[in-house]
Amino acid sequence: MMSRFLSPQATPRALATHFAATRRDFLRTAASLAIGSTVLGSSRLLHAAIPKRKVIVITFGGGARDQETFAPEGQENIPHLIRDLIPRSTFFSQVVNRGILGHYVATASLATGVYETVNNFASLPPEHPTAFEYFRKDLKRPASDAWVVAPSNGFNRIGESSHRAYGPSTGARVILPKHLLKAANAAGQDYEHLLRDNYETPLYAPQLSGNDFELEQLGMLLKLSLDDFKSHARTLSSPDELSVYIVRQLMRELAPSLLWITMHDIDIAHAGAYSLYIDGIRRTDRLCADIWKAVETEPEYARKTTLFILPDFGRDADDDAGGNGFQHHRTGDTLSRTTWMMALGAGIREGVVFDRPLDSTDLVPTLGSMLGFTASYSQGKPIQELL
Amino acid sequence: MLPADLKPELFAAYPPQAKKLVASYVPTLQRLPLAYVPSLLREVIEYDFKFPAERKALEKELANLSSLSPEQTKTWFQAFSQIQLSSELEKSDWVNAPAQFVENLSAHLWTTHQLDAFRTAALDYADRLHAVVLPEPPTIPRLGITVIGQGAAPSEEPLFRKLRPHGAYFTNIKPQGGLEALLKACADRAQAHPIPYGHWYIDGGDAAAHDSALTCVSYGGLGPARGALSEKIRSDIERPGMGPEALRTLMARLRPADLGFTAATDPVLDRFQVKLLTEGSGTQIFSTTFAQWAAREALRRAQPHTLLVRFAPRQRQKPMNEMLASGRESADFDPAASLVDADMGAYYNWLNLQRLTGSERSSSVVWFEGHNEAVAVGPALPRGTTSDASTSVEQLLSWAA
């Protein structure tokens, strides 16, 4: 009876403020960040001299909680973020996702700046224009200049919307590394550990397919031979490692100006094994640092790239009786909706943390202000502290 | 159809005891909003297969609803009444398939951005209910025991980090005969206080020898059911149109007979075990997930006075198809990772025990099986302390319980 509906200990607003304050206090002490305020004003002067700016967005997915990341007991899981990236970042300690907490639909919402309502498990495009469509249309950029590297079957439509003013062939090219691998290894079974899909229903393991188009991407665009790709894949341990390998190849060969990478390893938490969830966080932390290293070392990206890292959302709180702690993101409680975002690189002030609540939908208009497009349909607002 | 249209004959397909129960409350249900009623019926339709504590709670909830005046009913359910539902939801067969309705309602609430409003309505209702329908207190203080780390070497990471601030940490436990002592303590409590489904033993591997007074569920014992479920999943996944949501719906419909349970001696426990496998996420493949989820569900539903949960090594992570296919004999185990899983599971067991009535008197003990470390939390134990005194498991229990 009682367990159907149980009362929280504090109001959502109080909890969200508490989480933000915890992150801020930690960042002040451990990473020596200053507290930002409106007094600091904008970063406009920093933006003035960025030639041919590029933007990379990494979603730190699928869903990690403070206690395994920024809380004192979680810091050991994100050494690279803490040591290498946060000190160079402007950090927002309270980013609220008010939409549907499914990974595809939440990522689509991040990419459109509108809380999308498409079925999380159906292969459907977002209903509102994506950042990639705004970017390409407003700036007349070719298809090769906007890419999405995504983890699973469900994300194959995220590059462009069903919006009538945009839509087919106006958005980003989407690369699904697992499809590439499946196509490259049509006959073999050697790479099953890299082909895991859809953690939200652990038992549902859909058949992945790869075809000639994927193989064409591999050879023509990424300049990878089948053998090189397969032999490198053999050295990797997770789908996100495979994604980052493809990202590095994309950066080297095509150097897109707008690159979106969706991490997903952490979502193994749905299987209920805490150790695997922690492994996923640690791996994602390392892979974020790897991408930043690539940004710094690739001539096409060095000194002109702004990197955003943010989770699509969190996971359920331990003290919400309606959930089962870290395992899922089903309750819609405050912890699962309240996350963070860091921005670093070109045009970004280093070592500052802001407490004020942002909305997940603020990302796209902010990208627009940085890159020069107008996100006409977005519900969010540009983040002034980054502009 | 709306609740106002309900008639007793619409419940004809309900199991016998559920049908009898709901028959007295049809006029009450007619006064309630559709956003609420199916979630109640989802419990009612399972009444025949519920544990005594659940039955009592449901009976009290229904009695309370029928005692509300029209004005009170309006006040209690105003927020639910404001939830906008779709015509598809209204037209669905929510009387006979309330769980399906609730699943579709959840999707509808997310999609229409009404989840927060529903959550507020639900919490408000729960608060009102708590205020007038007091949960049954336990007849003896509850005791939760978690045994972790079977087969694992001492961890490099400190254990019990989340629990130590709440109780006493012991570093010099004498491990000999520890498991037997714990099982005996549980059996003694069960013998002294015979309460149906009041004393549980859950094992993530094969159950050790135990007193028959304990309600026992084990991952090893469910091996044939897990095998049957794997076969069903493998064949269902290949059917056209199958997706994660359809698979979940199909699994929710499975009954004990579908998974090879025969000649039911305890239909309530059989149904409970099937739900662990069909509604739990990961319980079919990782024994650590199974043990944690089984404990959570036993505490939530049966509200036991005694619960012993023993974690066993889980299989190493592999591709899903391989994990579904592997039998226990052929599995490649990962004791070190399982210790991490179980340490968190022990914390969740404590949290879930704290949610039950009488939590101020309840106690928890967690022991690293075969080793010297344990933590005990209870009213008689000082918080945040450490003891390096040589201590037997029996002594530990006597201080905790």
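Some points on the overall build of chain B
Here's step 1: Summing up its helical and strand segments, chain B has 16 helices and 10 strands in all.
Here's step 2: By the compact-globule yardstick of 21 Å for 401 residues, chain B fits well, its C-alpha radius of gyration being 23 Å.
Here's step 3: Counting only C-alpha atoms and orienting by the principal axes, one finds that chain B spans roughly 65 × 50 × 40 Å.
Here's step 4: Out of the 401 residues in chain B, the part that is buried amounts to 44%.

Some points on the overall build of chain A
Here's step 1: Across its full length, chain A holds 12 helices and 10 strands.
Here's step 2: A buried classification covers 59% of the 387 residues belonging to chain A.

Some remarks on the domain arrangement of chain B
All names here are of chain B.
Here's step 1: Looking at chain B, the domain boundaries give domain 1 (3-132) and domain 2 (143-226 + 265-400).
Here's step 2: Relative placement of domain 1 and domain 2: their C-alpha centres are 34 Å apart.
Here's step 3: Contacts between the two partners involve 5 residues from domain 1 and, on the opposite side, 8 residues from domain 2.
Here's step 4: A per-class count over the side of domain 1 that touches domain 2 returns 4 nonpolar, no polar and 1 charged.

Re the packing of helix α6 (residues 177-184) of chain A against helix α9 (residues 239-253) of chain A
Residues and elements named next belong to chain A.
Here's step 1: For the pair α6 and α9, interaxial distance at closest approach is 9 Å and the crossing angle is 90°. Comparing the axis directions of α6 and α9 gives the class roughly perpendicular. Taking contact as the criterion, the partners of Pro-177, Lys-178 and Leu-181 in α6 are, on α9, Pro-239, Leu-242, Ser-243 and Ile-246.
Here's step 2: Considering only residue class, the contact of α6 with α9 consists of 5 nonpolar, 1 polar and 1 charged.

Regarding the sheet that holds strand β4 (residues 199-203) of chain B
Residues and elements named next belong to chain B.
Here's step 1: Here 8 strands make up an open sheet; going across it, the order is β5-β4-β6-β1-β7-β8-β2-β9 and the pairing mixed. Only two strands of the sheet have a single neighbouring strand rather than two, namely β5 (215-218) and β9 (385-387). When the angles between neighbouring strand axes are averaged without regard to direction, this sheet yields 15°.
Here's step 2: As judged from the 6 bridges shared by strand β1 (residues 143-148) and strand β7 (residues 363-368), these two strands associate in the parallel manner. Among the inter-strand pairings, Ile-145 is bridged to a residue of β7, identified as Val-365.
Here's step 3: The strands touched by helix α9 (residues 178-192) within the sheet are β1, β4, β6 (306-310) and β7, with β6 carrying the most contacts at an inclination of about 155°.
Here's step 4: Along the sheet, helix α15 (residues 335-354) makes contact with β1, β6, β7 and β8 (374-377), crossing β1 at roughly 175°.

Examining the environment of Leu21(B)
Residues and elements named next belong to chain B.
Here's step 1: Examined against the element boundaries, Leu-21 turns out to sit in helix α1 (residues 16-23).
Here's step 2: Owing to 19 C-beta atoms within 10 Å, Leu-21 belongs among the partly exposed residues under this scheme.
Here's step 3: Leu-21 sits 259 residues away from Gly-280 along the chain, and the two C-alpha atoms are 28 Å apart.
Here's step 4: Setting aside anything within four residues of it in sequence, one finds Leu-21 in contact with Val-44 and Tyr-47.

So, the nonpolar core
Here's step 1: Core analysis: the biggest nonpolar cluster contains 203 residues, and Ile58(A), Tyr277(A), Ala374(B) and Val375(B) have the highest contact counts within it.
Here's step 2: Counting contributing residues, this core receives three or more from each of domain 1 (3-132) and domain 2 (143-226 + 265-400) of chain B.
Here's step 3: Setting aside anything within four residues of it in sequence, one finds Ile58(A) in contact with Ile261(A), Met263(A), Cys288(A), Ile291(A), Phe308(A) and Ile309(A).

Some words on unusual backbone geometry
Here's step 1: If you check the backbone angles, Lys223(A) has positive phi at about 55° while not being a glycine.
Here's step 2: Tracing the backbone shows Lys223(A) in the loop between α7 (212-221) and α8 (226-233).
Here's step 3: Looking at Lys223(A), the number of C-beta atoms within 10 Å reads 12, which means it is exposed.
Here's step 4: Although it is not a glycine, Phe160(B) adopts a positive phi angle of roughly 60°.
Here's step 5: Turning to its location among the elements, Phe160(B) is positioned in the loop between β1 and β2 (168-170).
Here's step 6: For Phe160(B), a count of 23 C-beta atoms within 10 Å gives the class buried.

A closer look at helix α13 (residues 287-302) of chain B
Given 3.6 residues per helical turn, the α-helix brings residues three or four places apart onto the same face.
Residues and elements named next belong to chain B.
Here's step 1: Its 16 residues give α13 an end-to-end C-alpha distance of 21 Å, which sits within 8% of 22 Å, the value for a rise of 1.5 Å per residue.
Here's step 2: Within α13, 14 of the 16 residues are buried, which leaves it mostly tucked inside the rest of the structure.
Here's step 3: Gln-303 sits one or two positions beyond α13 and adopts a positive phi of about 50°.

Overview of the pairing of β1(B)
Residues and elements named next belong to chain B.
Here's step 1: For β1, a buried count of 6 out of 6 residues is recorded, marking the element as mostly surrounded by other parts of the structure.
Here's step 2: Taking every second residue as pointing to the same face, both faces of β1 are buried, with Leu-143, Ile-145 and Val-147 on one and Gly-144, Thr-146 and Ile-148 on the other.
Here's step 3: When β1 meets β6, the two strands line up parallel, connected through 5 bridges. Bridging across to β6, Gly-144 finds its partner in Leu-307.

Looking at the environment of Ala18(B)
Residue and element names in this part refer to chain B.
Here's step 1: Along the chain, the position of Ala-18 falls in helix α1.
Here's step 2: Judged by local crowding, Ala-18 falls into the buried class, with 21 C-beta atoms found within 10 Å.
Here's step 3: The spacing of Ala-18 and Glu-43 is 25 residues in sequence and 9.3 Å in space, taken between C-alpha atoms.
Here's step 4: Setting aside residues no more than four positions away along its own chain, Ala-18 makes contact with Val-44, Ile-45, Tyr-47 and Asp-48.

Re the confidence of the model for chain B
Here's step 1: For chain B, the mean per-residue pLDDT works out to 93, and 97% of the residues sit at or above 70.
Here's step 2: Here the predicted complex carries an ipTM of 0.92, next to a pTM of 0.91.

Description of the confidence of the model for chain A
Here's step 1: Here chain A shows a mean pLDDT of 85. Residues at 70 or above account for 79%.
Here's step 2: Predicted confidence is poor over residues 1-10 of chain A, with pLDDT under 50, and the contacts of this stretch with residues over four places away or in other chains come to 26 contacts.

Considering the environment of Ile148(B)
Here's step 1: Within the secondary structure layout, Ile148(B) lies in strand β1.
Here's step 2: Among the residues examined, Ile148(B) registers 32 C-beta atoms within 10 Å and is labelled buried.

Calculation notes
- Residues numbered from 1 in each chain as written.
- Chains lettered and ligands numbered in written order.
- Predicted model: local features only at pLDDT ≥ 70, side-chain atom pairs only at ≥ 80, totals over all residues.
- Helix = DSSP H or I, 4+ residues; strand = E, 2+ residues; numbered from the N terminus.
- Rg over C-alpha atoms; globule rule 2.2 N^0.38 Å.
- Buried ≥ 20, exposed ≤ 12 C-beta atoms within 10 Å, placed from the backbone.
- Domains from an automatic or database assignment.
- Contact = placed C-beta atoms within 7 Å.
- Nonpolar A, V, L, I, M, F, W, Y, C, P; charged D, E, K, R; others polar.
- Axes fitted to C-alpha atoms, helices over the stretch in contact; angles between N-to-C directions.
- Parallel < 35°, antiparallel > 145°, perpendicular 65-115°, else oblique.
- Pairing = 2+ DSSP bridges.
- Core = buried A, V, L, I, M, F, W, Y, C linked by C-beta atoms within 7 Å.
- Expected span 1.5 Å × (residues − 1).
- pLDDT = per-residue confidence, 0-100.

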